[in-house]
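A closer look at the structure
If you want the building blocks of each chain, they are given just below.
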Amino acid sequence: MAYDQIRLDKHEGIALLTLYRPERMNAFTVEMMHEIIAALDECDADDGVRAVIFTGHGDRAYCAGADLSAGASTFDYDKQGGETGSPVAADGTIDWSHDLVRDGGGRVSMRIFDAKKPVIGAINGAAVGVGATMTLPMDARLASDNARFGFVFARRGLVPEAASSWFLPRIVGIANAVDLCYSGRLISATEALDKGLVQAVHQPGELIDAAIAKAREMTADSAPVSVALTRHMLWRMMGAAHPMSAHRWDSRVIFARGRGPDAAEGVSSFLEKRPPAFAASVANDYPWFAEFEEAPPYA
């Protein structure tokens, strides 16, 4: 599809997804949400893409948060119902399953969570609000030294969104998460590195090359289907109640993968001391285990 508020460029196995609203510091909109989701759908279906890198256009901002051009009613989604109607009935009851009750950043985060390719953030400037929370389901976050991060929701009379109450404490620990979210203060790339929010800090002109290098390091010698499965297994098992859940899923996947051509090729190439040539397709050969991977319904 054609994109307006993002750019998607593919080159030698890497898809570079650039948030593109230069006049608004790449601020997040509903249209951008739909375009990000569509781009990830496109990348998952394209076996030529091994990894996806997110960045922002320009050198000032990755994403300055939600577009506030609607003023005080920006976050009153009930007033923005339009043709989709309102989740609030005449008697004041609320249909909590209505799409207007779903925050757009959360829909992006859940789509990144479901991605079958590694997702890397190249945070090139200010990442505030949803600009920060959308990066949390990514597998790695690299920042330029002029990046700033802000979980500013309490300062706007809101609360953290985009499932960040699940992701953020798992990444930086609960003490750092409450500090960042209660205060809403901006932190530098250096402090983000110290807290584990990002894995590396680079000069602005070196950031994208560093992200591409990280993407290649993650994928160059690994079977694409194995990477996709491993991504889902590691993320989902972070919330499992008992390691038996991991043992059950591991066992099923090892059985399924062990019967396929990639496992044979992996062993043969190792013994023959040559690069592997994995043939299985993420788009066509991903073994789905519904009991582990089907998300609970939104209601």
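Attention in this report is confined to the structure presented alongside it. (Residues numbered from 1 in each chain as written. Predicted model: local features only at pLDDT ≥ 70, side-chain atom pairs only at ≥ 80, totals over all residues. Heavy atoms only, no water.)

**Some remarks on helix α9 (residues 243-258)**
Over its 16 residues, α9 runs 22 Å from end to end, which matches the ideal 22 Å to within 8%, given 1.5 Å per residue. Within the span of α9, buried status applies to Trp249, Val253 and Arg257. Along the long axis of α9, the arc covered by the buried residues comes to 60°, so they all point the same way. Facing away from the buried side of α9 by over 90 degrees, the exposed positions are Ile254, Phe255 and Gly258. (Helix = DSSP H or I, 4+ residues; strand = E, 2+ residues; numbered from the N terminus. Expected span 1.5 Å × (residues − 1). Buried < 20%, exposed > 50% of the residue type's maximum accessible area, 1.4 Å probe, protein only. Arc of directions from axis to C-beta.)

**Topic: the packing of aromatic side chains**
Counted according to the given criterion, the structure contains 7 aromatic pairs. Plain terms: the ring middles of Phe113 and Trp235 are 6.3 Å apart, the flat faces sit at 70° to each other, and that makes the pair edge-to-face. One end of the pair, Phe113, is in helix α2 (residues 104-114); the other, Trp235, is in helix α8 (residues 224-237), with 122 residues separating them in the sequence. The same class applies to Phe113 and to Trp235, which are both buried. These aromatic residues form a ring-pair network of at least three members: Phe113, Trp166, Phe167 and Trp235. (Phe/Tyr/Trp six-rings, centres within 6.5 Å; stacked < 30°, edge-to-face > 60°.)

**Here we look at unusual backbone geometry**
We note that Glu12 has phi near 50°; this positive angle belongs to a residue other than glycine. A positive phi angle is found at Met25, which is not glycine, with a value near 55°. Mapped onto the elements of the fold, Met25 is located in the loop between β2 (14-19) and α1 (30-45).

**Description of the sheet that holds strand β5 (residues 119-123)**
As a general point, the strands of a sheet are linked pairwise by backbone hydrogen bonds and lie either parallel or antiparallel. Taken in spatial order, the 6 strands of this open sheet run β1-β2-β3-β5-β7-β10, and their pairing is mixed. Of all strands in the sheet, those bounded by a partner on one side alone are β1 (6-11) and β10 (200-202). Shown here is a sheet whose adjacent strand axes are inclined to one another by a mean of 20°, direction ignored. Contacting β1, β2 and β3 (51-56), α1 runs over the sheet at an angle of about 15° to β1. Strands β1, β2, β3, β5, β7 (140-144) and β10 of the sheet are contacted by helix α7 (residues 207-219), whose axis makes an angle of about 165° with β5. (Pairing = 2+ DSSP bridges. Axes fitted to C-alpha atoms, helices over the stretch in contact; angles between N-to-C directions. Contact = heavy atoms within 4.5 Å.)

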